[in-house]
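Next come the chains, spelled out residue by residue.
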Amino acid sequence: DTGVSQNPRHKITKRGQNVTFRCDPISEHNRLYWYRQTLGQGPEFLTYFQNEAQLEKSRLLSDRFSAERPKGSFSTLEIQRTEQGDSAMYLCASSFEGSEQYFGPGTRLTVT
Amino acid sequence: ILNVEQSPQSLHVQEGDSTNFTCSFPSSNFYALHWYRWETAKSPEALFVMTLNGDEKKKGRISATLNTKEGYSYLYIKGSQPEDSATYLCAFRGTGNQFYFGTGTSLTVIP
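Residues numbered from 1 in each chain as written. Chains lettered and ligands numbered in written order. Predicted model: local features only at pLDDT ≥ 70, side-chain atom pairs only at ≥ 80, totals over all residues. Heavy atoms only, no water.

**Student:** Just checking my understanding: could you explain the environment of E44 of chain A for this structure?
**Tutor:** Residues and elements named next belong to chain A. Summarising the element assignment, E44 is placed in strand β5 (residues 44-50). With 10 residues separating them in the primary sequence, E44 and W34 have C-alpha atoms 8.6 Å apart. Not counting the four nearest positions on each side in its chain, E44 is found in contact with W34, Y35, R36 and L60. (Helix = DSSP H or I, 4+ residues; strand = E, 2+ residues; numbered from the N terminus. Contact = heavy atoms within 4.5 Å.)

Right, here's the structure in full:
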């Protein structure tokens, strides 16, 4: 297993467009987390899945954001009608139960 | 939203110096405290998971202590090397499943 992977690594989009990011966790990990990180800040929790169930969502996650993990393996994070304030690094992490999280390299989103 | 604070925000040390940084977190509803190292252009790498008051963990020249009663953890690096240059993040995990990260301490080790 090569660890957690995320695609794409970089995304530049125009305001108002929709974007979708993918995360492939470590295969035996049942938990998957999404975070957003902006300059000078630590990662902020967005949502997490246990298997295919989305168990928690942060209040930061507006209704323009949706995340899925349909088969309990990879996950997608979609942002609809992007705004400039959505520009950030989007990080995915996975873990087995509540053990330490392993992070992917992130997807850097720039909204112009 | 919980407040997790790290200090200092950034640090420059000479190669060979020892250094330490602090992570402060709420002392209530504590479950675990995680430390990560985040090098530029790489993924955050887990260093330690600490759960018990008084825990001390060590990995090579890096060690960490935990005080859950007063809500702080220290990370120590002995004999800093240039390859230790990175941002060091702590994350508080309460009795829910959310992780609350600090803003990190950026360490630069000058050869």
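**Student:** Sorry if this is basic, but what is going on with the nonpolar core here?
**Tutor:** Soluble globular proteins tend to bury their nonpolar side chains together. Residue and element names in this part refer to chain B. The biggest cluster of nonpolar side chains holds 23 residues, and the ones touching the most others in it are F25, L33, W35, F48, L75, Y88 and L107. Sorting the residues of this core by element identifies β2 (10-14), β3 (19-24), β4 (30-38), β5 (45-50), β7 (62-67), β8 (72-77), β9 (86-94) and β11 (105-110) as the ones contributing at least two each. Considering every element that reaches this core, the biggest residue donor is β9, with four residues. Among residues more than four places away in sequence, those in contact with Y88 are Q6, F21, W35, Y36, R37, L47, L75, I77, G104, T105 and L107. (Core = buried A, V, L, I, M, F, W, Y, C linked by side-chain atoms within 4.5 Å. Buried < 20%, exposed > 50% of the residue type's maximum accessible area, 1.4 Å probe, protein only.)

**Student:** Can you walk me through the sheet that holds β3 of chain B in this structure?
**Tutor:** Strands belonging to one sheet form pairs held by backbone hydrogen bonds; the direction of such a pair is parallel or antiparallel. All names here are of chain B. The antiparallel open sheet is built from five strands, whose spatial order is β1-β3-β8-β7-β6. One side of each edge strand has no neighbouring strand; the edge strands of this open sheet are β1 (5-7) and β6 (56-59). Strand-to-strand twist of the sheet, defined as the mean angle between neighbouring strand axes without regard to direction, takes the value 15°. Of the pairings in the sheet, the one linking β1 to β3 comprises three bridges and is antiparallel in character. When the sheet's bridge partners are listed, Q6 is paired in β3 with C23. (Pairing = 2+ DSSP bridges. Axes fitted to C-alpha atoms, helices over the stretch in contact; angles between N-to-C directions.)

**Student:** Which parts of the structure should I look at to understand the state of the cysteines?
**Tutor:** In protein chemistry, a disulfide is the covalent bond that joins the sulfur atoms of two cysteines. Residues and elements named next belong to chain A. With the rule as written, the count across this model stands at two disulfides over all chains. Paired through a disulfide, C23 and C92 show a sulfur-sulfur distance of 1.8 Å. Here the disulfide of C23 and C92 is left-handed, its torsion about the S-S bond being about -65°. You can see C23 sitting in strand β3 (residues 19-24) and its partner C92 sitting in strand β9 (residues 88-95), a full 69 residues away along the chain. (Disulfide = S-S within 2.5 Å.)

**Student:** Looking at this model, I keep getting lost on the sheet that holds strand β8 (residues 75-79) of chain A. Mind explaining?
**Tutor:** Residue and element names in this part refer to chain A. The strand order β1-β3-β8-β7 describes an open sheet built from four strands, whose pairing is antiparallel. What marks the edges here is a single partner per strand, and that holds for β1 (5-7) and β7 (65-68). Ignoring strand direction, the axes of neighbouring strands in this sheet form an average angle of 15°. In the sheet, β1 pairs with β3 via three bridges, with the strands oriented antiparallel. Residue pairing for β3: Q6 is matched across the bridge by C23.

**Student:** Would you mind going over the pattern of salt bridges with me for this structure?
**Tutor:** Where charged atoms of side chains with opposite charge meet at close range, the side chains can pair. Residues and elements named next belong to chain B. Inspection of every chain in the model, using the stated rule, returns seven salt bridges over all chains. For R61, the salt bridge identified is with D84, shortest N-O distance 2.8 Å. Of this pair, R61 sits in the loop between β6 and β7 while D84 sits in the loop between β8 and β9, and the two are 23 residues apart along the sequence. Assessed through its relative accessible area of 33%, R61 is described here as partly exposed. Here D84 falls in the buried class, since its relative accessible area comes to 3%. (Salt bridge = Lys/Arg side-chain N within 4 Å of Asp/Glu carboxyl O.)

**Student:** Sorry if this is basic, but what is going on with unusual backbone geometry here?
**Tutor:** Note the cis peptide between N7 of chain A and P8 of chain A, where omega equals -10°. Its place among the elements puts P8 of chain A in the loop between β1 and β2 (10-13). Looking along the chain, the bond that leaves S7 of chain B and enters P8 of chain B is cis, with omega of -5°. Within the secondary structure, P8 of chain B sits in the loop between β1 and β2. A positive phi angle is found at R81 of chain A, which is not glycine, with a value near 50°. By the secondary structure assignment, R81 of chain A is in the loop between β8 and β9. Of note in this structure, N29 of chain B is not a glycine but carries a positive phi near 55°. Positionally, N29 of chain B belongs in the loop between β3 and β4.

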